[in-house]
Amino acid sequence: MTASTNIPARAEQEEAAAGIAHWGGVFAMTLCVFALIASEFMPVSLLTPIAFDLRVSEGWVGYGIAISGAFAVLTSLSISALAGSMNRKALLLVLTGLMGLSGAVVAAAPNYVVYMVGRAMIGVVIGGFWSMSAATAMRLVPAAQVPRALAIFNGGNALATVIAAPLGSYLGAIIGWRGAFYCLVPVAVIALAWQWISLPSMKPDGSAASVNVFRLLRNRTVALGMAACGVFFMGQFTLFTYVRPFLETVTRVDISTLSLILLGIGVAGFIGTVIIGTFLKRGLYRTLIVIPILMAAIALALLPIGDWVWPVAGLLAAWGLLGTAAPVGWWSWIAESLPKDAEAGGGLMVAVIQLAIALGSTVGGLLFDGSGYQSTFIVSAIVLLFGAFLTVLAARSQASHQA
């Protein structure tokens, strides 16, 4: 790595340090996040018509979400090395174009195999885009504004989570499931054009290609932080994956009330992404420790009041506020803990989160089916508290290292 290789990257860092912010680029990427999350979870609300049209079971269609997660993990662990010296603006544009192409491939799929190819393509985009999110935010805005930029990114995530499923269901009823997926293509095109205009050139810093993401785990603070992040997401999705059957079988809500509660969770999550930046500025580790403790308390509080609709709705809204805001904190932790390896660290974190979600939802399902919601919620609380404990250890490790 020569000195000349780092000149453009240093110039961008000096620009950010000088207070020059590219907020247009931040909002363009937020639109991309919205389209990406909508693309990822669109099949959830369209399983039945897709299965009927492709002549497979709903379970086989559901594997389209699993394959996107698998390709997200593979991409997140290899994106820095594969991209090499490629300008990161160009890479983001390629990923956005691939997202639009994925929507078109799925919409036009004549059979199940082509459908799965389209879903694998969106997995590549998920892994690549989220791996680069923290590193890109650090290049677009001054260091003090990075948590705010990440919160805006995750605001697009929260907004898509709120409306993707009901919008997909509505569009599927009006124009068919293929039409619903085709609607994602122009959104991707708009995001591509906006990023083309608003993102500055972002040369790689020269170290990304040489960093083995697993080598980052040799740092005790990073290893503990990644473990804490993974355990947090495992605990969260051990419970959250089974909120709907809990509401239907225990709280016994009707469809309209269920939709209202789920909307409340999503809206609260959006609010969480807006306000968490204030708490992160006051104390990053403190916020990351308090969030899982509060979520564990909510999980346990749901047990004795499970059949009371509005108290349950209030607690789940609080869960949504905390759970949706937490990723902003963890991406801010990447920016703070790995300022020189944010791209590789982001890739490792995406892999950890995807695997943790898969493990959490599997464990939760086994418990829910085997011994009921009580054991699912209790185990979720225990895992979340363990995540808080690991975060405490990570904080102490970083403090001792700095001392």
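Residues numbered from 1 in each chain as written. Predicted model: local features only at pLDDT ≥ 70, side-chain atom pairs only at ≥ 80, totals over all residues. Heavy atoms only, no water.

A short note on the overall build of the protein
The secondary structure content of the protein amounts to 15 helices and 0 strands. Taken over the C-alpha atoms alone, the protein extends approximately 65 × 55 × 30 Å along its principal axes. Counting the 403 residues in the protein, one finds 54% classified as buried. Nonlocal contacts in the protein, meaning residues at least 24 apart in sequence, comprise 85% of its contacts between residues at least 6 apart. In the structure as shown, the protein presents an accessible area of about 16900 Å², 70% of it carried by carbon and sulfur atoms. Here the protein holds 19 positive side-chain charges and 14 negative ones, and the gap between their average locations is 7 Å. (Helix = DSSP H or I, 4+ residues; strand = E, 2+ residues; numbered from the N terminus. Buried < 20%, exposed > 50% of the residue type's maximum accessible area, 1.4 Å probe, protein only. Contact = heavy atoms within 4.5 Å. Areas by Shrake-Rupley, 256 points an atom, 1.4 Å probe, with all protein chains shown as cover. Lys, Arg positive; Asp, Glu negative; His and termini not counted. Charge placed at Lys NZ, Arg CZ, Asp CG, Glu CD.)

So, the confidence of the model for the protein
Averaged over every residue, the pLDDT of the protein is 86; the share at 70 or more is 92%. Predicted confidence in the protein is weakest over helix H1 (residues 7-17), with a mean pLDDT of 48, and strongest over helix H12 (residues 284-301), with 97. Across residues 1-11, where pLDDT falls below 50, the model places 13 contacts with residues more than four positions away in sequence or in other chains. (pLDDT = per-residue confidence, 0-100.)

Some thoughts on the packing of helix H2 (residues 23-41) against helix H6 (residues 112-140)
Where H2 meets H6, the closest approach of the two axes is 11 Å, and the angle between their N-to-C directions is 155°. Overall, the two elements H2 and H6 adopt an arrangement that is roughly antiparallel. Between H2 and H6 the crossing geometry is left-handed. Taking contact as the criterion, the partners of Gly25, Val26, Met29, Cys32, Val33, Leu36, Ile37, Ser39 and Glu40 in H2 are, on H6, Arg119, Ile122, Val125, Ile126, Phe129, Trp130, Thr136 and Leu140. Tallied by class, residues from the contact of H2 with H6 come to 12 nonpolar, 3 polar and 2 charged. (Axes fitted to C-alpha atoms, helices over the stretch in contact; angles between N-to-C directions. Parallel < 35°, antiparallel > 145°, perpendicular 65-115°, else oblique. Left-handed = near helix turned anticlockwise from the far one by under 90°. Nonpolar A, V, L, I, M, F, W, Y, C, P; charged D, E, K, R; others polar.)

Details of the pattern of salt bridges
Per the stated rule, a full pass over the model turns up 1 salt bridge. Close ionic contact of Asp53 with Arg178 constitutes a salt bridge, the shortest N to O distance being 3.1 Å. On the criterion of sequence distance, the pair formed by Asp53 in helix H3 (residues 47-54) and Arg178 in helix H7 (residues 146-182) is long-range, its members being 125 residues apart. We classify Asp53 as partly exposed; its relative accessible area is 36%. Arg178 sits in the partly exposed class, given a relative accessible area of 25%. (Salt bridge = Lys/Arg side-chain N within 4 Å of Asp/Glu carboxyl O.)

Brief notes about the nonpolar core
Grouped together as the largest cluster of nonpolar side chains are 101 residues, with contacts concentrated most on Leu247, Trp330, Trp333, Ile334 and Met349. A per-element tally of this core places helix H13 (residues 309-337) first, with 14 residues. Setting aside residues up to four positions removed in sequence, Met349 forms contacts with Met226, Cys229, Trp330, Trp331, Trp333 and Ile334. Core analysis: the second largest hydrophobic core is formed by 19 residues, Leu46, Tyr112, Ala180 and Phe181 among them. (Core = buried A, V, L, I, M, F, W, Y, C linked by side-chain atoms within 4.5 Å.)

Focus: the side chain of Thr376
Within the secondary structure, Thr376 is located in helix H15 (residues 373-402). Relative accessible area serves as the criterion here: at 0%, Thr376 is assigned to the buried category. In terms of polar contacts, Thr376 uses its side chain to reach the backbone carbonyl oxygen of Gly364, at 3.4 Å. (Polar contact = N/O pair within 3.5 Å; in protein donor to acceptor, adjacent residues only side chain to side chain.)

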